Amino acid sequence: MTDWTAFTALPWPTEPQHLQGRPALDASTAYDVVRRAAAPFRDGTRFLALPEVRFQQRSGRIGAPGELLPGREDESLKEYLHRRQAEPFVLRVREPLMLDYAVWSQVRELVEPLWREIGVPVVPVASELVVTDGLPQQLNADGYLTLVWVLHGRLQAGEALAEAGDLLSWPSGPVEVTGTDCLWLRLLVPVDGKLAAKQVTDLLLAGLDRKRGTDATPYLPTATTGELMQPLAETADGLAELSSSDQTERSLRVQWASRVSAAALEPVPAPQRSELAAGQRVKQTAPIYRMPDGDRWLWAVNGHAFAIGGGDALLAELERGEVDVRDDAYLPLLRRLHSLRAVEVVA
């Protein structure tokens, strides 16, 4: 595991760092996620889809990479890299963690000790898995600190040469990197305060569109030149009203509870189907966060938040150990917690 106490003692916000260790994720497990993400893109580019898959060669980005992406015939990372030896390439998967709860959970366990040192980011932390061999690329993430764990092969980033198991870190700004038979995990940690402001403005603008009932841009006749621009004045008044509303305050509270429970790794994996039944036994397997929400409680688990009244007795039972599932008032809550992977059935 990364020694985050030692890491935060370094000038990490302003200078590149290179720490040696062991791989943060098993390379074969991470490659399986890459292959799953790539499967639908073999039929063509998918727009506005997450995870997003991009394939690049010396000639540039390939819009429809097809069989250049890993498929069923490439059962291992080694087999895929061997097949792709014909030409240097970069295969980038953006937000891959949402596909696999086990991998997402491993990465959360990896970064939570860092958040205990520096605080939980109030803006989502973006993630990437990248497979590459021999193609230099310029990485630039304005406003974000970059953390890269090398899972397989070697990675040259600026002056640093990293091997599997190493962690590279560098502040916001461009860095040229070249991987050799390489698979890496990259996290982008927000460090620019304007990113937090954008979270709030996006929420307010969405509320304003709902209030107006349209997102169409208004136009005014030229005869109104010199007069008060009523649509803009109405927009300003609407934003001022929304910014001080109870609804906005609660939306921010729900967003924050979800983010803390996800360790800011968003988007999060979807819930699973729960068929929990009376007579089974369960135990808690993920943290459950609670915040006051008027006369109720806001619960957040693995990036999902919901409000309920009560639940104290069940939470106390889970904290003590295994719990018998009964056909009582707590059964729906237990099923929800099971679907969100906060509890699992004891065999």
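1. Remarks on the sheet that holds strand β15 (residues 323–324)
If you walk across this open sheet you meet the three strands as β15-β11-β16, and the pairing is antiparallel. Each edge of the open sheet is held by one strand with a lone partner, namely β15 and β16 (343–345). The pairing of strand β11 (residues 281–284) with β15 spans two bridges and is antiparallel. Its bridge partner being in β15, Arg 281 is matched across the sheet by Asp 324. Relative to the sheet, helix α9 (residues 331–339) contacts β11 and β16, its axis offset from that of β16 by approximately 95 degrees.

2. A closer look at the sheet that holds strand β14 (residues 304–308)
Reading across from one edge, β12-β13-β14 is the order of the three strands in this open sheet, with antiparallel pairing throughout. Every other strand in the sheet has two partners, leaving β12 (289–293) and β14 as the edge strands with one partner each. Each adjacent strand pair in this sheet contributes to an overall mean axis angle of 25 degrees, direction not counted. Judged from the five bridges that link them, β12 and strand β13 (residues 296–301) form a sheet pairing that is antiparallel.

3. Focus on the side chain of Asp 166
In this structure, Asp 166 sits in the loop between β8 (160–163) and β9 (167–170). Of the side chains with opposite charge, Arg 154 comes closest to the buried, unpaired Asp 166, at an N-O distance of 10 Å. In this structure the side chain of Asp 166 is engaged in a polar contact, spanning 2.9 Å, whose partner is the side chain of His 18.

4. What to know about the environment of Ala 164
Secondary-structure assignment places Ala 164 in the loop between β8 and β9. Classification of Ala 164 by relative accessible area gives partly exposed; the value is 36%. Taking the C-alpha atoms as reference, Ala 164 lies 8.7 Å from Leu 183; in sequence the two are 19 residues apart. Once residues within four sequence positions are removed from consideration, Ala 164 is found in contact with Gly 21, Pro 23, Val 150, Leu 151, His 152 and Gly 153.

5. Quick look at empty space enclosed by the protein
A complete count under the given rule lists two cavities of 30 Å³ or more for this structure. Roughly 40 Å³ of internal volume is contained in the largest cavity. Surrounding the largest cavity, Phe 41, Gly 44, Thr 45, Val 53, Arg 61, Ile 62, Gly 63 and Pro 65 form its lining. Its residues placed into classes, the lining of the largest cavity shows four nonpolar, three polar and one charged. In this model, the second largest cavity occupies a volume close to 30 Å³.

6. Quick look at the nonpolar core
Core analysis: the largest hydrophobic core is formed by 51 residues, its most contacted members being Leu 91, Val 131, Leu 147, Trp 149, Leu 151 and Leu 187. Looking at this core element by element, the count peaks at eight residues for helix α4 (residues 101–118). Setting aside chain neighbours within four positions, we find Leu 151 in contact with Pro 23, Ala 24, Leu 25, Ala 27, Ala 30, Leu 129, Ala 164, Leu 183, Trp 184 and Leu 185. Among the nonpolar cores identified, the runner-up in size contains 19 residues, and Ile 288, Leu 314, Leu 318 and Val 325 belong to it.

7. Some points on the pairing of β9
The alternating pattern of β9 places Leu 167 and Ser 169 on one face and Leu 168 and Trp 170 on the opposite face, and all of these are buried. The pairing of strand β1 (residues 17–19) with β9 spans three bridges and is antiparallel. Bridge assignment links His 18 to a residue of β9, and that residue is Leu 168. Both strand β7 (residues 144–157) and β9 contribute to a ladder of four bridges, which runs antiparallel. Residue Trp 149 lies in a different strand from β9, and its bridge partner there is Leu 167.

8. Quick notes on the layout of surface pockets
By volume, the largest pocket is sized at about 230 Å³. The element contributing the most residues to the lining of the largest pocket is α4, with three residues. Taken together, the residues of the lining of the largest pocket sort by class into seven nonpolar, five polar and three charged.

Criteria and thresholds
- Residues numbered from 1 in each chain as written.
- Predicted model: local features only at pLDDT ≥ 70, side-chain atom pairs only at ≥ 80, totals over all residues.
- Heavy atoms only, no water.
- Pairing = 2+ DSSP bridges.
- Helix = DSSP H or I, 4+ residues; strand = E, 2+ residues; numbered from the N terminus.
- Contact = heavy atoms within 4.5 Å.
- Axes fitted to C-alpha atoms, helices over the stretch in contact; angles between N-to-C directions.
- Buried < 20%, exposed > 50% of the residue type's maximum accessible area, 1.4 Å probe, protein only.
- Lys, Arg positive; Asp, Glu negative; His and termini not counted.
- Salt bridge = Lys/Arg side-chain N within 4 Å of Asp/Glu carboxyl O.
- Polar contact = N/O pair within 3.5 Å; in protein donor to acceptor, adjacent residues only side chain to side chain.
- 1 Å grid on protein atoms, 1.4 Å probe; cavity = no way out; pocket = protein on both sides within 12 Å on 5 of 7 lines; lining within 4 Å.
- Points joined across faces, edges and corners; volume = space filled by probe spheres on them.
- Nonpolar A, V, L, I, M, F, W, Y, C, P; charged D, E, K, R; others polar.
- Core = buried A, V, L, I, M, F, W, Y, C linked by side-chain atoms within 4.5 Å.

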